[in-house]
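# Summary of structural features
In case you want the letters, here they are:
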Amino acid sequence: MGEFELIQRCFAQAGRQRPDVTVGIGDDGAVLQVREGCDLVVTTDSMIEGTHFFPDVDPRALGHKLVAVNVSDLAAMGAEPCWLSLGLTLPHVDETWLTAFAEGLSETADYYNCQLIGGDTTKGPLSLTMIAKGQVPKGKALTRAGAKVGDYLYVTGTLGDAALGLKLVQNQVEVSKKHRAHLLQRFHYPTARVALGQALRTIASSAMDVSDGLAGDIHHILRRSGVGASIDVSRIPMSQALKDSCSPEQALQLALSGGEDYELLFTVPEIRRSSLDVLLSPYGVPVTCIGRITGVAGKLELKQGESLLQYQHKGFEHF
Ligand SMILES: [Mg+2]
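Residues numbered from 1 in each chain as written. Predicted model: local features only at pLDDT ≥ 70, side-chain atom pairs only at ≥ 80, totals over all residues. Heavy atoms only, no water.

## Regarding the overall build of the chain
Summing up its helical and strand segments, the chain has 10 helices and 13 strands in all. For 319 residues, the compact-globule formula gives about 20 Å, and the C-alpha radius of gyration of the chain, at 20 Å, lands near that figure. With the C-alpha coordinates aligned to their principal axes, the bounding extent of the chain is approximately 65 × 50 × 35 Å. In the form shown here, the chain has an accessible surface area of approximately 15000 Å², with 51% of it arising from carbon and sulfur atoms. Of the charged side chains in the chain, 29 are positive and 36 negative; the average position of the first set lies 7 Å away from that of the second. (Helix = DSSP H or I, 4+ residues; strand = E, 2+ residues; numbered from the N terminus. Rg over C-alpha atoms; globule rule 2.2 N^0.38 Å. Areas by Shrake-Rupley, 256 points an atom, 1.4 Å probe, with all protein chains shown as cover. Lys, Arg positive; Asp, Glu negative; His and termini not counted. Charge placed at Lys NZ, Arg CZ, Asp CG, Glu CD.)

Below, the structure written as structure tokens:
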């Protein structure tokens, strides 16, 4: 079998086979049926060897993560994930690697109801680019721009686990056996908060996913909404695994500036706050209020109880 056929075979049926794909892989382009009354939401995420992952990473985990981080962006927009395209640059074709990568990608795409509908393969240093497309009822997409002064600031799940998982992978820390699996899982197999993101369409005034660390990422909402924020760091949700494995200072540092948790950060107006618990409880994902939106544009204030904290770390920046 030639390289071309091998690549074709690995990805031909990847993900959930959706009835709204009129033409999928194998033609010059895909033909997709966007539902009546919906907007199309499109996002792109790249993962480059050496920058986003280590050369020896399990290719199955890599396939999973590429899908999950793209779908997480759709979740943050309140969209329903539907279609994926893959841009794959490979130094050479390694059948074992490619098969495992494609399986991880396909399983995760299937989990999120997404079909791989096309892509392109080129030769070069290993790099993966995915374009994810989703649908949202017209005009209902969540953005980073709607936060208002007085809104409450929430985050899903727990923060800092993936950053500690990364330190584990790099052999920079030691953690007890009972927490190891959880932390590695959070780093290698992040979960996109898809159902919750869609539920937030009627509740949240703004939303985004936390990919590069809370303290840095929140500035995207502050900038786009023209507001400030005050966070009580003692309320930031942390897993038992993180708390047991680090000093309180290090745990807070990881929760504030460690990336790759892919939790949702969102704001809720006071008037809709009371319906939050009822509307979100079916999803089984904890949500925690960590602060409020303030009127000082661009300013992030960090408090611990009543005292102000000095904090310089602004999350992970690529340039
Ligand atoms: Mg994002």
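## Notes on the coordination of the magnesium ion
Summarising the metal site, the magnesium ion is bound by the protein donors Asp73 (OD) and Asp209 (OD), whose distances to it range over 2.0 to 2.1 Å. Linking Asp73 in helix α2 (residues 59–76) with Asp209 in strand β8 (residues 206–210), this pair joins segments that are 136 residues apart in sequence. The class for Asp73 is buried, based on a relative accessible area of 17%. Among the residues examined, Asp209 registers a relative accessible area of 3% and is labelled buried. (Donors = N, O, S within 2.8 Å, 3.2 Å for Na, K, Ca; no water. Buried < 20%, exposed > 50% of the residue type's maximum accessible area, 1.4 Å probe, protein only.)

## Examining the domain arrangement of the chain
For the chain, the assigned domains read domain 1 (3–137) and domain 2 (152–309). Here domain 1 and domain 2 have C-alpha centroids that lie 26 Å from each other. Listed as interface residues are 21 residues of domain 1 and, on the opposing side, 20 residues of domain 2. The contact between domain 1 and domain 2 buries some 1600 Å² in all, and 61% of this surface belongs to carbon and sulfur atoms. Three residues stand out in domain 1 for area buried against domain 2, namely Phe54, Lys65 and Ala76, and they jointly supply 29% of the buried area on that side. Taken together, domain 1 and domain 2 are joined by one salt bridge. Across the salt bridge formed by Lys65 and Glu260, the nearest N and O atoms sit 3.4 Å from each other. Counting across the domain 1 and domain 2 interface gives six residue pairs in polar contact (both at pLDDT 80 or more). Taken together, the elements giving at least two residues each to the side of domain 1 that touches domain 2 come down to α2, β4 (80–90) and β6 (127–137). (Domains from an automatic or database assignment. Contact = heavy atoms within 4.5 Å. Buried area = accessible area lost by both parts, 1.4 Å probe. Salt bridge = Lys/Arg side-chain N within 4 Å of Asp/Glu carboxyl O. Polar contact = N/O pair within 3.5 Å; in protein donor to acceptor, adjacent residues only side chain to side chain.)

## A look at the UniProt feature "domain: PurM-like C-terminal" (unreviewed entry) in the chain
Per the UniProt record, "domain: PurM-like C-terminal" (unreviewed entry) is annotated on residues 148–296. Annotation note: span residues 148–296, helix share 42%, strand share 19%, distance between end C-alpha atoms 11 Å. (UniProt positions renumbered as here; feature names shortened; annotations may be inferred.)

## Some details on the pairing of strand β9 (residues 228–232)
Across the five residues that make up β9, a large majority, five, are buried. The alternating pattern of β9 places Gly228, Ser230 and Asp232 on one face and Ala229 and Ile231 on the opposite face, and all of these are buried. Examined bridge by bridge, β9 and strand β11 (residues 287–294) share four bridges and lie antiparallel to one another. Directly across from Ser230, in β11, lies its bridge partner Arg292. When β9 meets strand β12 (residues 300–304), the two strands line up parallel, connected through four bridges. Bridging from a neighbouring strand, Ala229 pairs with Leu300 of β12. (Pairing = 2+ DSSP bridges.)

## A few points about the pairing of β6
Most of β6 is tucked away: eight of the 11 residues are buried. In terms of strand pairing, strand β3 (residues 38–48) meets β6 through 11 bridges, oriented antiparallel. Counterpart to Met47 in the pairing with β6 is Leu128. Pairing of β4 with β6 involves nine bridges; the strand directions are antiparallel. In the strand pairing of β6, Pro81 is matched with Gly134.

## Quick notes on the UniProt feature "binding site: Mg(2+) 2" (unreviewed entry) in the chain
The UniProt record annotates "binding site: Mg(2+) 2" (unreviewed entry) at Asp45 and Asp73. Of the residues just listed, which span 29 residues, no C-alpha pair is farther apart than 8.9 Å, and they cluster in one region. Checked against the element boundaries, Asp45 lands in strand β3. Setting aside anything within four residues of it in sequence, one finds Asp45 in contact with Leu66, Val69, Asn70, Asp73, Leu128, Thr129 and Met130. Setting aside chain neighbours within four positions, we find Asp73 in contact with Thr43, Asp45 and Asp209. At a separation of 3.4 Å, a polar atom in the side chain of Asp73 contacts the side chain of Thr43.

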